[in-house]
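Fold and contact review
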Amino acid sequence: MRGILFAFIGGACITLQGVANARISQDMGTWQAAAVTQLTGFLMALVILLFVRDGSRQGFGQVRPLYLIGGALGAPIIFSEVTAIQNIGVTLTISALLIAQLFLTFLIDSNGWFDVVKKRMSLPQFIGIGMMIAGVVIIKL
């Protein structure tokens, strides 16, 4: 249950961030909005880290370098989301983002990429993805 709660909180924050960034980008530009968002996100995470202290610095040495650049994906994520919101609106953008996330996570789970335990996908998973795609088509109409 806790995981579902955090997933909903994360999804809500992603949506709110996208809408805020789209508005910010109208005043200062999309890449500037992405830079401001990344900077404020870094500062917030740093402040939280100072209070929570739930990890260790030694852990950095155990992480593969490829995974340490994951935060750099934030820049194209923000740029793409802002551009999409400006072109097709919030609802359709978030719907398309969810399908892209679901499809990629499906591939990650089924192939065991990134050291994730490989999971067997069956008909219900395919039906679920198809239903989400159908939902976006209906929203678009």
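Since the structure is predicted, the reported quantities are computational estimates derived from the model, not experimental observations.

1. A few points about the environment of Leu-107
- Looking at the element boundaries, Leu-107 is found in helix 5 (residues 90-111).
- Sequence separation between Leu-107 and Met-121 is 14 residues, and the spatial gap between their C-alpha atoms is 9.5 Å.

2. A look at the packing of helix 1 (residues 2-28) against helix 4 (residues 74-88)
- Direction vectors running N to C along helix 1 and helix 4 enclose 75°, while the axes themselves pass 9 Å from each other. By the angle between their axes, helix 1 is roughly perpendicular relative to helix 4. Contacts from Ile-14, Gln-17, Gly-18, Val-19, Asn-21, Ala-22, Ser-25 and Gln-26 in helix 1 reach Ile-78, Glu-81, Val-82, Ile-85 and Gln-86 in helix 4.
- Tallied by class, residues from the contact of helix 1 with helix 4 come to six nonpolar, six polar and one charged.

3. A closer look at helix 5
- The end-to-end C-alpha separation of helix 5 is 31 Å, in line with the 32 Å expected for 22 residues at 1.5 Å each.
- For helix 5, the set of buried residues is Leu-92, Thr-93, Ile-94, Ser-95, Ile-99, Phe-106, Ile-108 and Ser-110.
- Looking one or two residues beyond helix 5, the residue adopting positive phi is Gly-112, at roughly 70°.

4. Focus: helix 4
- Across its 15 residues, helix 4 extends 21 Å between first and last C-alpha, which sits within 8% of the 21 Å expected from 1.5 Å per residue.
- Inspection of helix 4 places Gly-74, Ile-78, Glu-81, Val-82 and Ile-85 among the buried residues, and these make up the whole buried set. Along the axis of helix 4, the buried positions cluster into a sector of 95°, meaning they face one direction only.
- Residues of helix 4 that are buried in the fold lie against helix 1, helix 2 (30-52) and helix 5.

5. A closer look at the side chain of Ser-25
- With respect to the helices and strands, Ser-25 occurs in helix 1.
- Among all residues touching Ser-25, those that are not within four sequence positions of it are Thr-30, Ala-33, Val-82 and Gln-86.

6. Overview of unusual backbone geometry
- Here Phe-114, not a glycine, exhibits a phi torsion of approximately 60°, which is positive.
- A positive phi angle is found at Asp-115, which is not glycine, with a value near 60°.
- Within the element layout of this structure, Asp-115 appears in the loop between helix 5 and helix 6 (123-140).

7. Section: the nonpolar core
- Grouped together as the largest cluster of nonpolar side chains are five residues: Ala-22, Ala-34, Ile-78, Val-82 and Ile-85.
- Among all residues touching Ala-34, those that are not within four sequence positions of it are Ala-75 and Ile-78.

8. Thoughts on the UniProt feature "transmembrane region" (unreviewed entry) in the protein chain
- Taking the numbering used here, the UniProt-annotated feature "transmembrane region" (unreviewed entry) corresponds to residues 32-52, 64-82, 88-109 and 121-139.
- Helix makes up 68% of residues 64-82 and strand 0%. Its end C-alpha atoms lie 30 Å apart.
- End C-alpha atoms of residues 121-139 are separated by 27 Å, and the span's content is 89% helix alongside 0% strand.

9. A word on the layout of surface pockets
- Space inside the largest pocket adds up to approximately 610 Å³.
- Taken together, 19 residues line the largest pocket, and the ones lying closest to its centre are Ile-14, Ile-77, Glu-81, Leu-97 and Gln-101.
- Those elements that place two or more of their residues in the lining of the largest pocket are helix 1, helix 4 and helix 5.
- Per-element tally for the lining of the largest pocket: the top contributor is helix 5, with eight residues.
- Taken together, the residues of the lining of the largest pocket break down into 10 nonpolar, eight polar and one charged.

Rules and cut-offs
- Residues numbered from 1 in each chain as written.
- Predicted model: local features only at pLDDT ≥ 70, side-chain atom pairs only at ≥ 80, totals over all residues.
- Heavy atoms only, no water.
- Helix = DSSP H or I, 4+ residues; strand = E, 2+ residues; numbered from the N terminus.
- Axes fitted to C-alpha atoms, helices over the stretch in contact; angles between N-to-C directions.
- Parallel < 35°, antiparallel > 145°, perpendicular 65-115°, else oblique.
- Contact = heavy atoms within 4.5 Å.
- Nonpolar A, V, L, I, M, F, W, Y, C, P; charged D, E, K, R; others polar.
- Expected span 1.5 Å × (residues − 1).
- Buried < 20%, exposed > 50% of the residue type's maximum accessible area, 1.4 Å probe, protein only.
- Arc of directions from axis to C-beta.
- Core = buried A, V, L, I, M, F, W, Y, C linked by side-chain atoms within 4.5 Å.
- UniProt positions renumbered as here; feature names shortened; annotations may be inferred.
- 1 Å grid on protein atoms, 1.4 Å probe; cavity = no way out; pocket = protein on both sides within 12 Å on 5 of 7 lines; lining within 4 Å.
- Points joined across faces, edges and corners; volume = space filled by probe spheres on them.

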